[in-house]
Amino acid sequence: MPATQMTMRYGHPEGHTDVCFDDSGSCIVTCGSDGDVRIWKDLDDDDPKSINVGERAYSCALKKGKLVTSVSNNTVQIHTFPNGTPDGILTRFTTNANHVVFNKDGSKIAAGSGDFMVKVVDVMDSSQQKTFRGHDAPVLSVSLDPNDIFLTCTISWPLLQKCNDVINAKSICRLAWQPKTGKLLAIPVGNTIKLYKRETWKNEVDLSDNFITLPLNVVTWSPCEKYLAAGSINGCIVVWNVETKDCMERVKHEKGYTICGLAWHPTSRQIAYTDAEGNLGLLENVCDKDGIKSSSKVSGMGNKDYNDLFDGDDDNDNADNSNFLNENLEFQLTPKGKTNYEDDEDDLMLAAGYSKHRNHILEDDDSSVEVASIEKGSYHEKDEEKDEQTHAMPLMTSQRPFYDGPRPSLPQKPFQSGSTPQHLSHRFMVWNSVGIIRCYNDDQDSAIDVEFHDTSIHHATHLSNTLNYTIADLSHEAILLACESTTELASKLHCLHFSSWDSSKEWTVDMPPNEDIEAICLGQGWAASATSALLLRIFSIGGVQKEVFSLPGPVVSMAGHGEQLLIVFHRGTGFDGDQCLGIQLLELGKRKRQVLHGDPLPLTKKSYLAWVGFSAEGTPCYVDSEGIVRILNRRLGNTWTPICNTKEHCKGKSDHYWVVGIHENPQQLRCIPCKGSRFPPTLPRPAVAILSFQLPYCQIATEKGQMEEQFWRSFIFHNHLDYLSENGYEYEESTKNQAIKEQQELLMKMFALSCKLDREFRCVELAELMTQNAVNLAIKYASRSRRLILAQRLSELAVEKATELAATLKEEEEDFRNKLNTSSTTEWSQPMVVNHKVEENNAKDSEEDDEIEEKTDLHKNKQNPFCKNGNSADGPAIKSVTSSSQGRVNPFKVSASSKEPAISVNSTSSNILDNMKKLSKKSTVPNRTANKEKSLVLKPLIPKPKSKQVLATNFFQTCTSQTEKIEEKENPENSLSESPALSAQNIENERPKTGFQMWLEENRSLILADHPSFSEESDIIKEGINRFRILSDEERKEWAKKAKGGTTNEVEINETETKKRKQPSNDHTKEKEEEKTKENVNLSKKRKSLAVSTNQKLSAFAFKKD
Amino acid sequence: MDSAEVEFLAEKELVTIIPNFSLDKIYLIGGDLGPFNPGLPVEVPLWLAINLKQRQKCRVIPPEWMDVEKLEEIRDQERKEETFTPMPSPYYMELTKLLLNHASDNIPKADEIRTLIKDTWDTRIAKLRVSADSFVKQQEAHAKLDNLTLMEINTAGAFLTQALNHMYKLRTNLHPGESAPSQDF
């Protein structure tokens, strides 16, 4: 049993105080700076008797009905006790006396004063006095030897620092003789107590403890001489057993004030103490464990205490629990708490130890105290007996002082997120994003109120709480309640399934005996309960029992969202106030899996979990008692990122925010501000406040830090979109695009900033985070601000990125093919559409970019080959870059072009295909001829699709064209984003006048294919002229004819066209037949025929235009 | 201008409500309102707050100053000072009246607040009367009245100006009257 520390109470105004007991120990006497001596019946005495002795009282001593005080008029006075009538002045000094003490029989007093003098005065006859001079410093304290032989006083003891006034002394250094035998003299020196042997004055023993960090102020012996108590200037009170030198008690003053008065109760195990702020305190049951009290009682109490702390059954414990939740981790955190805790531990052993010795101890100890006070002689024997006892139980005594390592912290109780402590008569059982459940526990009735934020979900309901439900959860579908088991009734789970379409809207389930529900949660279509048997039970929302599995540890809290179930449990024992929690995240949908496998949950030091749940978008989050909000970062291997410190928003130190919900889009932390508490009261109805998030990035004040924080915040808060798309949930594309845009903008800003600061390396690092479009912009920015090296680096980066992208796309494509084989059209066509939407937006962006680009590139295109598009390709690789930069518009085209030079023909052809589409879409009259021309030339160029891939390309092109709307939108942008060269070409296409021009148009792609380095139109024309010359006369004439003939030849051309058009479609069918044999038979005929038919339809469409 | 008009103006003041329904942003001539999320405080004009409250679509959160302690302080200050003290809101009277009439269940200690506001109002009106009285008696040309709210001006203004007009008329008639023939009758 540790010493019980009673709460301090006000005794005197702040200032030096002193305390002593009267002879019988029936009252406590204190004196203080108000010049009053107060006589307290006990600590709770509300009306202590006050005796005014002067303006200030410095020290008091009481013996045999005489109260001696030293007061500020430099006198030592005597009063009768307990009446308090003045009985004369004993002696005077030239300055005030600092300390006054009685000798053992109360016949003399000794007083030490600031004028370097000590006087010993006979109480009865004040003329009998002796003055001791020769000290060369103010006398701090005095002590009379019980045998009246020695007088000791502290002054300039070599161990102490000399000081010229009492108030300057670090420690008042109250020394003490052993009260009966006087064998030892105890002196507080620094952080230790030095014990000096009588007569030899040898330093026998040093008593010290790690608990003491600042110098000791006062020391006092227990009346039995066995214990020594000392108080330090920072409020520590430590008790040693002098024989064993074990530290018995460590108590910390609740406010840490200087202890300046310390007194043992003459008979019982109490220590009264006063501090320099005038407060009076009492320690009870000091050193009880050594059997001073009846041991049976001790062991009983020990057990009870143990129960209180750990078992969690009785009411007391509920209070404990709530305390724990609300306020007081301090209980664990303060050193005082630590000692308590440790003591408890020991008590467990003590209790065990005692049972063995019970009889033995019982005999002598009940009487020992009284005996000791009366019979002096027998005291020693008793004492020795006791010593034997302590030796008989070495475990218990040695345990305490030697274990000095980390101490286990109290494991956190299970709780529901968004609930207030259970002991409150009016409390929130749940406050979440759906609604509020309140519980009223009055004397007359007990009721539960359910209220929905959105009344359209369900109307507010009122339930009577006869079963005493303590745990609740609320979702859009149901209300879930649970109660603990009582002696008669089992623990019960009660579900009010209000969204049920049938008439029975309630169900209850009883837990097996000896199994208590500790936490519950609701998801979409399911409910879960964690029980004290370490089982997690899942129910369907209609009441069907589903999975049951074992938890790795006692549950702390649970949360559900959609298909996700989050469980926080105790992974082990935490130490030094920390909790050791683990977290499990399960998905209970069709694809059941465990995402987090009981990973450790990071908590702030010495904090506990305060809230756990999901953001409205379904990302797990939690809040600890220090107000740090953390969110799961799925893109960084399921790590936890702190996103907000609610404490930063608090005005007062004891203010808190009580979190009720987290939203990622818009970024909101919904919480209730609580003034001076951790949780809100039910009345007046608290209002929700919204806090913004801020990641703890460095140098947030600078522009750079700010942008970095913003970027990563945006990054983290849009993770959920990936998750949603992965799991096939619907979400708004626009938000994602917005997020990407925002992030890219921030990156560009940071890029520009680092450019300004000449941090080119950093620029490249930033560029690595950018998308292709942004990189292009960055290249432009770099080249414009004349950072050629940077631009060079960036373009290399861009190439890398493009190839990577191409590679991934290629993979994707293959994936698609695989899927094609197995899955139905609808399944893959949907994501396709989604893809296109995204790309459409990207294309828009790129369009804008490119518009700017065009202007600048008129001058700079040499430096920046990437601005040149498609046809002007410098090499296959670079080509792929450009095409892929806009290429995300049509991933399949990209992949084709990204192939090695061997297939580069394909790329050109597909480019032309695109062009054709463009033109056909425009479908203006002058275009028609051009169209024809195009298609004429196209045919020979269309490669026989040799590889599967090409087939796929075609295939997907047709597929996409099924979704024509998108295509149509997409293509104009596509066309716009092409380089000026191309558009020039288009213009030419519109009016081909001469035969050469027509020929050139046809053969341009050939020329380009042969001379990929040509970037200027003039080069192409030159080459074209050369080639044209090589042609035979006849051919040339034919071209000229065509040019002139126009309409007349149309039929002819059409004929050739149709012929040639058939060719590719034939090719397709052939190809497909080949494919069929090659490939899985699964590749359904239907689809192919569909593809073919669409092809034909398309071509028909093209013809119609003609 | 009559008090109904003043009240109409006051209805543009923003108050915080907690809606119990969900609605996207609404676009009105006077500005955009919302979005309304159930359980989340949102600022709306008083007229909308009262309308929603009457339809039981929201809870009203009283303005910060609508608190017994603060109002007591304001009342005491008002009683202490000779001149008018600044009010927590230019429409304190109208807001109190409307909110207490329609949403008294959402305002803790509604009755006390009503009394306190009424006390403050009475003090101020009394001051206004006294100063008008001295203004007229001393025949001042102008007076400076700071921190008056529209409603207060409105209660005294119309009557005062009219009264001054009358007095002016009477005075001007008095002077020529001495020599006027009418005196001779």
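Since we're looking at a predicted model, the values are computed, not measured.

Engineer: Is there a simple way to think about the interface of chain A and chain B in this case?
Structural biologist: Reports often express the size of an interface as the amount of accessible area lost when the parts come together. Residue-level contacts link ten residues of chain A with eleven residues of chain B. Summing both partners gives a buried area of about 880 Å² for chain A against chain B, and 57% of it is carried by carbon and sulfur. Where chain A packs against chain B, one counts zero salt bridges. At the junction of chain A and chain B, the tally comes to one residue pair in polar contact (both at pLDDT 80 or more). Classifying every residue of the side of chain A that touches chain B by side-chain character gives three nonpolar, four polar and three charged.

Engineer: Looking at this structure, how should I read the nonpolar core?
Structural biologist: Burial of nonpolar side chains together is a common tendency in soluble globular proteins. The biggest cluster of nonpolar side chains holds 41 residues, and the ones touching the most others in it are Ile17, Phe36 and Ile113 of chain B. What Ile113 of chain B contacts, discounting residues up to four positions off in sequence, is Met66, Asp67, Val68, Leu71, Thr96, Leu100, Ile107 and Pro108 of chain B. Counting 24 residues, the second largest nonpolar core, distinct from the first, contains Met750, Leu753, Leu766 and Ala767 of chain A.

Engineer: How should I be thinking about the side chain of Glu94 of chain B in this particular structure?
Structural biologist: Looking at the element boundaries, Glu94 of chain B is found in helix H4 (residues 92-102). Those residues in contact with Glu94 of chain B, other than ones at most four positions away along the chain, are Val6, Glu7, Ala10 and Met151 of chain B.

Engineer: Before we go on, may I ask you to explain the sheet that holds strand S28 (residues 426-431) of chain A in this structure?
Structural biologist: Within a sheet, each strand pairs with its neighbour through backbone hydrogen bonds, oriented either parallel or antiparallel. Residue and element names in this part refer to chain A. Pairing is antiparallel across the open sheet formed by four strands, whose spatial order is S28-S29-S30-S31. The two strands at the open ends of the sheet, each matched to only one other strand, are S28 and strand S31 (461-464). When strand polarity is set aside, the average angle formed by the axes of neighbouring strands in this sheet is 20°. Here strand S29 (residues 435-441) pairs with strand S30 (residues 446-452) via seven bridges, running antiparallel. In the sheet register, Tyr440 faces S30, and the bridge partner there is Ala447.

Engineer: Mind showing me how you'd approach helix H12 (residues 772-784) of chain A here?
Structural biologist: An α-helical segment advances 3.6 residues per turn. Residues three or four places apart therefore align on the same side. All names here are of chain A. The end-to-end C-alpha distance of H12, which contains 13 residues, comes to 18 Å, matching closely the 18 Å that a straight helix rising 1.5 Å per residue would cover. Buried within H12 we find Gln772, Asn773, Ala774, Val775, Asn776, Ala778, Ile779, Lys780, Ala782 and Ser783. Taken from the residues just after H12, Arg786 is the one with a positive phi, measuring 60°.

Engineer: Would you mind going over the packing of helix H2 (residues 46-54) of chain B against H4 of chain B with me for this structure?
Structural biologist: Geometry of a packed helix pair, given as the angle between the helix axes and the separation of the axes. All names here are of chain B. The interhelical angle for the contact between H2 and H4, taken along N-to-C directions, is 10°, at an axis separation of 10 Å. Taken together, the axes of H2 and H4 are roughly parallel relative to one another. The segment H2 lies against H4, with Leu46, Ile50, Lys53 and Gln54 engaging Leu95, Leu98, Leu99 and His102. Residue composition of the contact of H2 with H4, grouped by class: five nonpolar, two polar and one charged.

Engineer: Teacher, can you tell me more about the pairing of strand S35 (residues 506-510) of chain A here?
Structural biologist: Taken residue by residue, a regular strand's side chains alternate between the two faces of the sheet. Residue and element names in this part refer to chain A. Residue alternation in S35 divides its side chains into a buried set, Trp507 and Val509, and an unburied set, Glu506, Thr508 and Asp510. Two strands pair when backbone bridges link them, and strand S34 (residues 492-496) and S35 are joined in this way by five bridges, in the antiparallel orientation. Bridge assignment links Leu496 to a residue of S35, and that residue is Glu506.

Engineer: Help me understand the pattern of salt bridges, please; the structure alone is not making it clear to me.
Structural biologist: Charged atoms that come close allow side chains of opposite charge to pair. All names here are of chain B. Applying the stated criterion across every chain, the model contains 28 salt bridges over all chains. Note that Asp119 and Arg75 form a salt bridge whose closest N and O atoms lie 3.6 Å from each other. One end of the pair, Asp119, is in helix H5 (residues 110-137); the other, Arg75, is in helix H3 (residues 68-80), with 44 residues separating them in the sequence. When the shortest N-O distance is used, the salt bridge between Lys144 and Asp146 registers 3.9 Å. Residue Asp146 is classed as partly exposed on the basis of its relative accessible area, which comes to 42%. Through salt bridges with shared partners, a single network forms among Arg75, Asp76, Arg79 and Asp119.

Engineer: Could you clarify how one ought to interpret the UniProt feature "repeat: WD" (unreviewed entry) in chain A in this entry?
Structural biologist: Residues and elements named next belong to chain A. UniProt annotation of "repeat: WD" (unreviewed entry) refers to residues 9-41 and 219-250 when read in the numbering used here. Secondary structure across residues 9-41 comprises 0% helix and 45% strand; the distance between its end C-alpha atoms is 14 Å. Counted over residues 219-250, helix gives 0% and strand 62%. Its end C-alpha atoms are 14 Å apart.

Engineer: What should I look at first to understand the sheet that holds strand S21 (residues 216-221) of chain A in this one?
Structural biologist: Residues and elements named next belong to chain A. Taken in spatial order, the four strands make up an open sheet running S21-S22-S23-S24, and their pairing is antiparallel. Every interior strand has two partners, whereas the edge strands, S21 and strand S24 (246-252), have only one. Here the average twist between neighbouring strands, direction ignored, is 20°.

Engineer: Teacher, can you tell me more about the packing of helix H10 (residues 733-756) of chain A against H12 of chain A here?
Structural biologist: Residues and elements named next belong to chain A. Interhelical geometry of H10 versus H12 gives an angle of 25° and a closest axis separation of 11 Å. When the interaxial angle is binned, H10 and H12 end up roughly parallel. With respect to the hand of their crossing, H10 and H12 are arranged in right-handed fashion. On H12, the residues that touch Gln744, Met748, Phe751, Ala752 and Cys755 of H10 are Ala774, Leu777, Ala778 and Tyr781. Looking at the contact of H10 with H12, its residues break down into eight nonpolar, one polar and no charged.

What counts as what
- Residues numbered from 1 in each chain as written.
- Chains lettered and ligands numbered in written order.
- Predicted model: local features only at pLDDT ≥ 70, side-chain atom pairs only at ≥ 80, totals over all residues.
- Heavy atoms only, no water.
- Contact = heavy atoms within 4.5 Å.
- Buried area = accessible area lost by both parts, 1.4 Å probe.
- Salt bridge = Lys/Arg side-chain N within 4 Å of Asp/Glu carboxyl O.
- Polar contact = N/O pair within 3.5 Å; in protein donor to acceptor, adjacent residues only side chain to side chain.
- Nonpolar A, V, L, I, M, F, W, Y, C, P; charged D, E, K, R; others polar.
- Core = buried A, V, L, I, M, F, W, Y, C linked by side-chain atoms within 4.5 Å.
- Buried < 20%, exposed > 50% of the residue type's maximum accessible area, 1.4 Å probe, protein only.
- Helix = DSSP H or I, 4+ residues; strand = E, 2+ residues; numbered from the N terminus.
- Pairing = 2+ DSSP bridges.
- Axes fitted to C-alpha atoms, helices over the stretch in contact; angles between N-to-C directions.
- Expected span 1.5 Å × (residues − 1).
- Parallel < 35°, antiparallel > 145°, perpendicular 65-115°, else oblique.
- UniProt positions renumbered as here; feature names shortened; annotations may be inferred.
- Left-handed = near helix turned anticlockwise from the far one by under 90°.

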